[in-house]
Amino acid sequence: MRADRFRAFRAMVERFGRDGLEPLAALVVIVVLRQFGLSGNTPLWWIAVALVAGAAWQQSGVQRWVSGGRPGGRLWLRIAVHVLLTTAVMYMVGWGALLAVAHLHIFTLYLRADGSRSWKPLAVSSAVSIGLGELAFMTGLLESYLPLPQGHGVSMLIALGTLTTARVIGHSTEQRERAEAALRAGEERLRALLRDGSEVITMSEANGTVTYASQAIAQVMGYFPNDVAGKRLREYVHPDDLLADAELHERVLAADDSVEHTAEMRFRHADGAWHWHEVILRNMLSHPQVHAVVGHHRDITERRAVQDRIAHAAAHDSLTGLANGPTLTRDLERALAHGTRYQHPVGFLFLDLDGFKLVNDTYGHEVGDRLLNAIADVVRRTVRDTDTVGRLGGDEFGVVLTRVGGADEAMAVASRIIEGIERNSSVAGLRLDVGCSIGVAMAFPGGTDAKTMLRHADAAMYRSKRRTRNGYELYVEEDLDAPWLNY
């Protein structure tokens, strides 16, 4: 217990000495000067009491208590008492305002703790206390080492110098405080934006390694910033978009920071789902304060879904979901171009239902629409995924056979479609008497165009319809050498 009390007492003494170092050091100096007759005739214990009181007054605990624990609290009182105690010592040792540098020292103490607001209390307290000290010299209450009245003039000049110095330092500190406050406010706004924004901001090295990711990545992608730091974002890119990602980074590294580069690609989120992101990159590797590729990532999955729905609606039949006429023609043109490039035939089937009008007139459009959907499913299941099935309007359908071995293969597909429709021409248990006539047209590499091929298939379909129900016909011109027939 006694050891604990001793340690506590020693800690208190050390704290008192640390906070009150300057007055205590001044007491030692004054004791030494007293040996040379240079510290006035005032009893030494008076001076010691004033210095110890000053050391006690500037204790951090005392200052917190007097200020009420508030920054700047009772600032005038705290500075005035401190200055008066110090000034009393200055004049008791006989040197008066020549020691006013002690006032500036006090100013630095409060400037550090309470900021620029300290300069006015210090200036007023310094001027008042020096005036009181000079009055003490004038009345003979204290003795001065300086001859009077010249000493009064020197004191006035020193007081003026102390006041102007405190004012200049105070104003410059105030400007710095304002700049620092504005900087902190800007940093807080930036942190708030980075934390709460809907965009993920990243900084990456030239090779794509992430060095920084904003907090928004947690809300947008479900990862913590540390989860992606040190990794390359391409690790999260959908395999089908890796080529686009590589091309984007090539463009970024080839440009400077005046150009933004944008791309849309899919990223894997923490839950495993793929989301569309709009990625905007800027090359700031040469910027001395940044030295990174800066990226902005915005989740645009909903926007892409809307765009895809609009694009799908524009390219597909609203009833069956099959390609519409323009899309079917476009895909046929692409297939013909591909066939010409790689030297293989392309087939086209033109389908027209037999007896569909009677179904509509007898059972109504709702049954007719359901029948069209059933037939669309039959045709879709019969052909390959690489082929295109479309509805040309009413009860007419078209099929682009992107790569076939020849006319026999195309006609075999037509035969399977007819058989499938015969087996699946029921709606809600109601057997419907409907058939299908198909016209088959073939194109050898470079032999024809899409419009001509559509016309040929249409003509073959009408020949088939005139010949028999549920049949197909291959379009062949008498004067046309068709090398694909035996291809």
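Quick caveat, the model's predicted, so the values are computed rather than measured.

*Asks:* A description of the sheet that holds strand 2 (residues 210-213) should follow, citing residues and the corresponding values.
*Replies:* Spatial ordering of the open sheet is given by 2-1-5-4-3, a layout of five strands whose pairing is antiparallel. Since the sheet does not close on itself, it has two edges, and those belong to strand 2 and strand 3 (260-268), each with one partner. Here the average twist between neighbouring strands, direction ignored, is 25°. Alignment of strand 1 (residues 200-204) against strand 2, held across three bridges, turns out to be antiparallel. Looking at strand 2, one finds that Met203 is bridged to Tyr212. Each of strand 3, strand 4 (274-284) and strand 5 (292-299) touches helix 11 (residues 242-254); the most contacted strand, strand 3, lies at about 155° to it. Contacts between helix 12 (residues 301-315) and the sheet are confined to strand 3, strand 4 and strand 5, with strand 4 contributing the most and set at about 115° to the helix.

*Asks:* Tell me about the packing of aromatic side chains, and name the residues and values.
*Replies:* Following the criterion strictly, the structure yields three aromatic pairs and no others. With centroids separated by 6.0 Å and ring planes inclined at 90°, the aromatic side chains of Trp45 and Trp46 adopt a geometry described as edge-to-face. The side chain of Arg304 reaches across the aromatic face of Trp276, ending 3.6 Å from its centre.

*Asks:* Just give me the short version of the environment of Leu24, but keep the residues and values in it.
*Replies:* Checked against the element boundaries, Leu24 lands in helix 2 (residues 21-35). In sequence terms Leu24 and Val52 are 28 residues apart; their C-alpha atoms lie 6.9 Å from each other. Not counting the four nearest positions on each side in its chain, Leu24 is found in contact with Phe16, Gly17 and Ala55.

*Asks:* Now, about the sheet that holds strand 6 (residues 346-354): what can you tell me, with residues and values included?
*Replies:* Taken in spatial order, the five strands make up an open sheet running 7-8-6-11-12, and their pairing is mixed. Both edges of this open sheet fall to strand 7 (388-393) and strand 12 (472-474), since each of them pairs with a single strand only. The average undirected angle you get between the axes of adjacent strands in this sheet is 20°. Relative to strand 11 (residues 435-443), strand 6 runs antiparallel, the two being bridged by nine bridges. Opposite Val346, over in strand 11, you have Ala443 as the bridge partner. Contacting strand 6, strand 7, strand 8 (396-401) and strand 11, helix 13 (residues 325-342) crosses the sheet at an angle of about 140° to strand 7.

*Asks:* Before we move on, could you go through the pattern of salt bridges and cite the residues and values that matter?
*Replies:* The full count for this structure, using the stated rule, is 19 salt bridges. In this structure, the salt-bridge partner of Arg178 is Glu174, at a minimum N-O distance of 2.9 Å. A residue pair is termed a helical-turn pair when its members lie 3 or 4 positions apart in one helix, as Arg178 and Glu174 do in helix 8 (residues 150-196) at four residues. Note that Asp387 and Arg384 form a salt bridge whose closest N and O atoms lie 2.9 Å from each other.

*Asks:* So what's going on with a nonpolar patch on the surface? Which residues, and what values?
*Replies:* On the surface, Trp76, Leu84, Val124, Val128, Leu132, Leu135 and Met138 cluster together into a nonpolar patch covering about 690 Å² of accessible area. Within the residue set of the nonpolar patch, elements represented by two or more residues are helix 5 (75-92) and helix 7 (119-138). Here the nonpolar patch gets five residues from one element, more than from any other, and that element is helix 7. Note on placement: Val128 falls in helix 7. For Val128, a relative accessible area of 46% corresponds to the partly exposed category.

*Asks:* Describe the pairing of strand 6, and please don't skip the residues or the numbers.
*Replies:* Taking burial as the measure, the nine residues of strand 6 include nine buried ones, the bulk of the element. Burial of the side chains of strand 6 extends over both faces: Val346, Phe348, Phe350, Asp352 and Asp354 are buried on one face and Gly347, Leu349, Leu351 and Leu353 on the other. Note: strand 6 against strand 8, six bridges, orientation antiparallel. Paired with Phe350 across the bridge in strand 8 is Gly398.

*Asks:* Which residues make up the packing of helix 3 (residues 44-57) against helix 5, and what values do they have?
*Replies:* Their axes nearest at 9 Å, the elements helix 3 and helix 5 cross at an angle of 155°. Looking at the two axes, helix 3 sits roughly antiparallel to helix 5. Crossing of helix 3 over helix 5 shows left-handed handedness. Note on element contacts: helix 5 touches helix 3 through Leu77, Arg78, Val81, His82, Leu85, Val89 and Met92, opposite Trp46, Ile47, Ala50, Leu51, Ala53, Gly54 and Trp57. For the contact of helix 3 with helix 5, the class distribution of residues is 11 nonpolar, two polar and one charged.

*Asks:* So what's going on with helix 6 (residues 101-114)? Residues and values would help.
*Replies:* Between its first and last C-alpha, helix 6 extends 20 Å over 14 residues, near the 20 Å set by a 1.5 Å rise per residue. Buried residues of helix 6: His103, Ile106, Phe107, Leu109, Tyr110, Leu111 and Asp114, and no others. Downstream of helix 6 by one or two residues, Gly115 has phi in the positive range, about 85°.

*Asks:* With reference to specific residues and values, describe the packing of helix 2 against helix 3.
*Replies:* Axis separation between helix 2 and helix 3 bottoms out at 8 Å; the angle between their running directions is 165°. On the basis of the axis angle, helix 2 is roughly antiparallel to helix 3. As helix 2 runs across helix 3, the sense of the crossing is right-handed. Taken together, the residues of helix 3 that come into contact with helix 2 (itself represented by Pro23, Leu24, Ala26, Leu27, Ile30, Val31 and Arg34) are Leu44, Ile47, Ala48, Leu51, Gly54 and Ala55.

*Asks:* Got a sec to walk through unusual backbone geometry? Specific residues and values, please.
*Replies:* Positive phi is not limited to glycine here, since His291 has a value of about 50°. Note that His291 resides in the loop between strand 4 and strand 5. Residue classification places His291 among the exposed positions, given a relative accessible area of 57%. With a phi close to 55°, Asn470 is a non-glycine residue in the positive phi region. Assignment of secondary structure puts Asn470 in the loop between helix 17 (450-467) and strand 12.

Here is what the cut-offs are and how they apply
- Residues numbered from 1 in each chain as written.
- Predicted model: local features only at pLDDT ≥ 70, side-chain atom pairs only at ≥ 80, totals over all residues.
- Heavy atoms only, no water.
- Pairing = 2+ DSSP bridges.
- Helix = DSSP H or I, 4+ residues; strand = E, 2+ residues; numbered from the N terminus.
- Axes fitted to C-alpha atoms, helices over the stretch in contact; angles between N-to-C directions.
- Contact = heavy atoms within 4.5 Å.
- Phe/Tyr/Trp six-rings, centres within 6.5 Å; stacked < 30°, edge-to-face > 60°.
- Lys NZ or Arg CZ within 6 Å of the ring centre and 35° of its normal.
- Salt bridge = Lys/Arg side-chain N within 4 Å of Asp/Glu carboxyl O.
- Patch = residues over 30% accessible without salt bridge, like charges linked within 9 Å, V, L, I, M, F, W, Y side chains within 5 Å.
- Areas by Shrake-Rupley, 256 points an atom, 1.4 Å probe, with all protein chains shown as cover.
- Buried < 20%, exposed > 50% of the residue type's maximum accessible area, 1.4 Å probe, protein only.
- Parallel < 35°, antiparallel > 145°, perpendicular 65-115°, else oblique.
- Left-handed = near helix turned anticlockwise from the far one by under 90°.
- Nonpolar A, V, L, I, M, F, W, Y, C, P; charged D, E, K, R; others polar.
- Expected span 1.5 Å × (residues − 1).

By themselves these figures say nothing about function.
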